[in-house]
Amino acid sequence: MFNQVTLSPDVAAAYLLRIALPPALLDDPPSLELLSKLTLAHYEEVPKDTSPLHVKPEEWSKKQRIVLGSNFAGMPIGENPTFASLLRAFGFRCSEMAVNSILLEARGQDPRTSELGWQWGALTHTVIIVDFPGGEERYLVDVGYGGGGSAIPCPLRHGAQIPGLNPYEGPFTIRHEPLPLSPTAPQPVDAIPGWTFYRRQAPPGVAVSLPVTDSSQGYWMPLYHFQLHSISPRGMEQLHHYSAFHEKAAFTGFFLVTKLVPGTGGARRSIMYSKKDAEAGRTAAKVHTTGGLEAKGRTEGRDVEYVEMETGVMKEYLQRPPWNFMFS
């Protein structure tokens, strides 16, 4: 029931090549340094991608409009389980967890002053808890969150703080606590303490250094909350079904391909097209760069271009850098 999927050496070597790392790395013993290197490389080389939810594999060879919400295939919560299977090939011990993510409309809302800051969604995301022989701590690793997540492993320790990839995005912290809710919201009858992962949200242009204290600018914005309880493969399938096929599935309402740009301190290049764009009659997805050291915490997009939501055009575009898609 809780089988630990591990990549074979050949497949693990191919995975390393995909994330621009040498297969000889497989000879390295597990360590925090190695875990950090693998995590950042995955973020920089493997996009978060919802395109399989909208286009069947065989349809990339045709010329047709890309229709949102077609619910074809894909694994919107599959990045972390796949990454865990690579980590096990190195000797890391991995436990996948299902998490409650904060709703999109709650982002940017200060929970100290707005009830919107505590608006939680369903279990639509997964993370990995990682440890290794000789290590002193366990670590939260998440390569599937996309924009706003951490590309650095976080110690699973109450109050631990880690930096972002630049001083204007992050830092991050984790707390052992019951699911945080607004004091005026209905409270659960039973509440088991779990772990809440937060990102520091400061005004644009304000750098935040460690350690973050009460006098630091900004506030802690919750990203997700989870119980320390491994999820089984069947449980993962159920999460996938809800996330990809249910009428309220969170990921089928938009076409998104997004990845970090190496060497930019966390800048992210993204292709985005939503149901709102379709309803407004727009036929092209917006491509833009956000964040990174250059942005200094500002969220405006730069280097903007547009690509038509048509399979032939999009396929050709996705094969270019920085996406580097490969189609069979």
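Residues numbered from 1 in each chain as written. Predicted model: local features only at pLDDT ≥ 70, side-chain atom pairs only at ≥ 80, totals over all residues. Heavy atoms only, no water.

Moving on: the environment of Lys48. Here Lys48 is to be found in strand β1 (residues 48-49). For Lys48, a relative accessible area of 13% gives the class buried. Through-space distance from the C-alpha of Lys48 to that of Val143 is 8.7 Å; in sequence the pair is 95 residues apart. Polar contacts involving the side chain of Lys48 include one to the main-chain carbonyl oxygen of Gly144, which spans 2.8 Å. (Helix = DSSP H or I, 4+ residues; strand = E, 2+ residues; numbered from the N terminus. Buried < 20%, exposed > 50% of the residue type's maximum accessible area, 1.4 Å probe, protein only. Polar contact = N/O pair within 3.5 Å; in protein donor to acceptor, adjacent residues only side chain to side chain.)

Quick look at the sheet that holds strand β10 (residues 254-260) now. Strand order in this open sheet of five strands is β1-β10-β11-β12-β13, and the pairing throughout is antiparallel. Of all strands in the sheet, those with a lone pairing partner are β1 and β13 (302-308), marking the two edges. Bridge count between strand β11 (residues 268-274) and strand β12 (residues 284-290): five bridges; the pairing is antiparallel. The partner of Arg269 across the bridge, within β12, is Thr289. Contacts from helix α6 (residues 311-318) reach β10, β11, β12 and β13, with the element oriented near 140° to β13. (Pairing = 2+ DSSP bridges. Contact = heavy atoms within 4.5 Å. Axes fitted to C-alpha atoms, helices over the stretch in contact; angles between N-to-C directions.)

Attention now goes to helix α2 (residues 32-45). Here α2 contains 14 residues, and its C-alpha end-to-end distance of 20 Å stays within 8% of the 20 Å for a straight helix at 1.5 Å per residue. Residues of α2 that are buried include every one of Leu34, Leu35, Leu38, Thr39, Ala41, His42, Tyr43 and Glu44, and no others. Those residues of α2 that are buried lie in contact with α1 (9-18), α3 (79-90), β3 (120-131), β4 (139-141), β10 and β11. (Expected span 1.5 Å × (residues − 1).)

Turning to α6, its buried residues number three or more, namely Thr311, Met314, Tyr317 and Leu318. The buried side chains of α6 occupy one side of the element, clustering within an arc of 135° when seen end-on. If you follow the buried residues of α6, they end up packed against β10, β11, β12 and β13. Where α6 begins, one side-chain oxygen reaches toward the backbone nitrogen of Gly312, 3.2 Å away; that side chain belongs to Glu310. (Arc of directions from axis to C-beta.)

This part is about the pattern of salt bridges. Tallied over the entire structure, the rule returns 11 salt bridges. Measuring nitrogen to oxygen at the nearest pair gives 3.3 Å for the salt bridge that ties Glu308 to Arg65. With a gap of 243 residues between them, Glu308 in strand β13 and Arg65 in the loop between β1 and α3 connect regions that are remote in the sequence. According to the relative accessible area criterion, Glu308 is partly exposed, its value standing at 33%. For Arg65, a relative accessible area of 38% translates into the label partly exposed. Taken together, the shared-partner salt bridges connect Arg93, Asp131 and Arg138 into one network. (Salt bridge = Lys/Arg side-chain N within 4 Å of Asp/Glu carboxyl O.)

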